[in-house]
Amino acid sequence: MREESDSAVSQIVSVWVRDPRIRKNDFWHAYIDYEICLHTDSVCFTKKISSVRRRYSEFVWLRQKLQANSMLMVQLPALPPKNPFFSLNNAQQITERMKGLQRFLEKIVQNPLLLSDSCLHLFLQSQLSVSKIQACAAGRTHYSVAQAVKSCGLRRFHSEEDLQKDLSMSCDSDSDSSECRDPEPRIKDLTIIKSQSAGLLDLMGSSQEESLSSSSGST
C-alpha cells in the first residue's frame, strides 16, 4: 500500500504556457494564442509529451466547463482577468497574461478530480475546437477521447491504411513535442503575417478532424 502511495506522489505533470503568436481573423480582427506544452509520467494522461495552441477565450471556456462538471466540489483557481484595454502590441500585458494562464494550468493538473475530466485532456492534448471537445466528451463523435488525443499532430495521410498504420505503430508511444506543434509557420516577434488567411487558421482544427474521421471510418 505504501508503494502505491509513493508511486502516485512521484508522478510528475509539468505544463508550460509559452510562445504567444498573433493570429489574424480578417483585416480588422486579430487575437493571440499560446502554446501549451505538457510533459508527464502520470498514468492519467494518454500522451506523455504534447503541445497544442489555445487562446484566452478557450481558457475561459475550460474553467467554466470544469466548474460545471465538478458540481462546485472544487474551488477552481482564477484566470488572469479580462482587460478591456488589452493590447496586442503591449508585450508586458501579453507576458503577464501568459504567466497567469500557466499558473492556472499548474494548479488544475494537480487536482485528481479535475484530471478525470475528459474536457481537460482534450483541451491540453488535442487540437479540437471547444465545440468538438464538448461533442467528443459527450460521446457524440465518431472518434473517442483517446483517438482525439493520439491523433494530435499526425501529418496528412494519403489513405486510410496509412492512418491506421501510423496509429498502430506510433500513437501508443510517447510522441516528440515537435510532432504536435502547429503545422503553420512560426510567427516571430509577435508580427502578423498577412498571407496567413482565415483558411489556414481553420486548417489547425480541420486537419485533425479529417484524420479522426478517416480513422473511425476504417475501424
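Here's what I pulled together on the structure shown here. This structure is a prediction, so every number in the text was calculated from the model and none was measured.

Thresholds applied
Residues numbered from 1 in each chain as written. Predicted model: local features only at pLDDT ≥ 70, side-chain atom pairs only at ≥ 80, totals over all residues. Heavy atoms only, no water. Phe/Tyr/Trp six-rings, centres within 6.5 Å; stacked < 30°, edge-to-face > 60°. Helix = DSSP H or I, 4+ residues; strand = E, 2+ residues; numbered from the N terminus. Buried < 20%, exposed > 50% of the residue type's maximum accessible area, 1.4 Å probe, protein only. Axes fitted to C-alpha atoms, helices over the stretch in contact; angles between N-to-C directions. Parallel < 35°, antiparallel > 145°, perpendicular 65-115°, else oblique. Contact = heavy atoms within 4.5 Å. Nonpolar A, V, L, I, M, F, W, Y, C, P; charged D, E, K, R; others polar. Pairing = 2+ DSSP bridges. Core = buried A, V, L, I, M, F, W, Y, C linked by side-chain atoms within 4.5 Å.

**Remarks on the packing of aromatic side chains**
Where two aromatic rings form a pair, the distance of their centres and the angle of their planes describe that pair.
In step 1: Here the structure, examined in full by the defined rule, presents 2 aromatic pairs.
In step 2: Judged by centre distance (5.0 Å) and plane angle (85°), the rings of Phe27 and Trp28 are edge-to-face.
In step 3: Between the aromatic rings of Phe59 and Phe123, the centroid separation amounts to 5.2 Å while the plane-to-plane angle is 80°, which identifies the pairing as edge-to-face. Taken together, the positions of Phe59 in helix H2 (residues 56-69) and Phe123 in helix H5 (residues 118-125) put the pair 64 residues apart, joining distant regions of the chain. For the pair Phe59 and Phe123, a shared accessibility class is recorded, and that class is buried.

**Quick word on the packing of H2 against helix H6 (residues 130-137)**
In step 1: Packing of H2 against H6 brings their axes to within 11 Å, and their N-to-C directions diverge by 30°. In terms of axis orientation, H2 runs roughly parallel to H6. Only Val130, Ile133 and Gln134 of H6 make contact with H2, whose side of the interface consists of Glu58, Trp61 and Lys65.
In step 2: Residue composition of the contact of H2 with H6, by class: 3 nonpolar, 1 polar and 2 charged.

**Let's talk about the sheet that holds strand E3 (residues 49-55)**
In step 1: In spatial order, the strands read E1-E2-E3; together these 3 strands make up an open sheet with antiparallel pairing. The sheet is open, and its two borders are formed by strand E1 (13-24) and E3, each paired with just one other strand. Between one strand axis and the next, the sheet turns by 20° as a mean value, whatever way the strands run.
In step 2: Here H5 sits on the sheet and contacts strand E2 (30-40) and E3; the angle it forms with E3, its principal contact strand, is near 90°.

**Concerning the nonpolar core**
In step 1: If you look at the biggest cluster of nonpolar residues, it comprises 39 residues, and the most contacted ones within it are Ile36, Phe59, Leu62, Leu105, Phe123 and Leu124.
In step 2: If you list the elements that add at least two residues to this core, you get E1, E2, H2, helix H3 (91-108), helix H4 (112-115), H5, H6 and helix H7 (145-150).
In step 3: With 6 residues, the top contributor of residues to this core is H3.
In step 4: Discounting chain neighbours no more than four positions away, the residues touching Leu62 are Phe104, Leu105, Cys119, Leu120 and Phe123.

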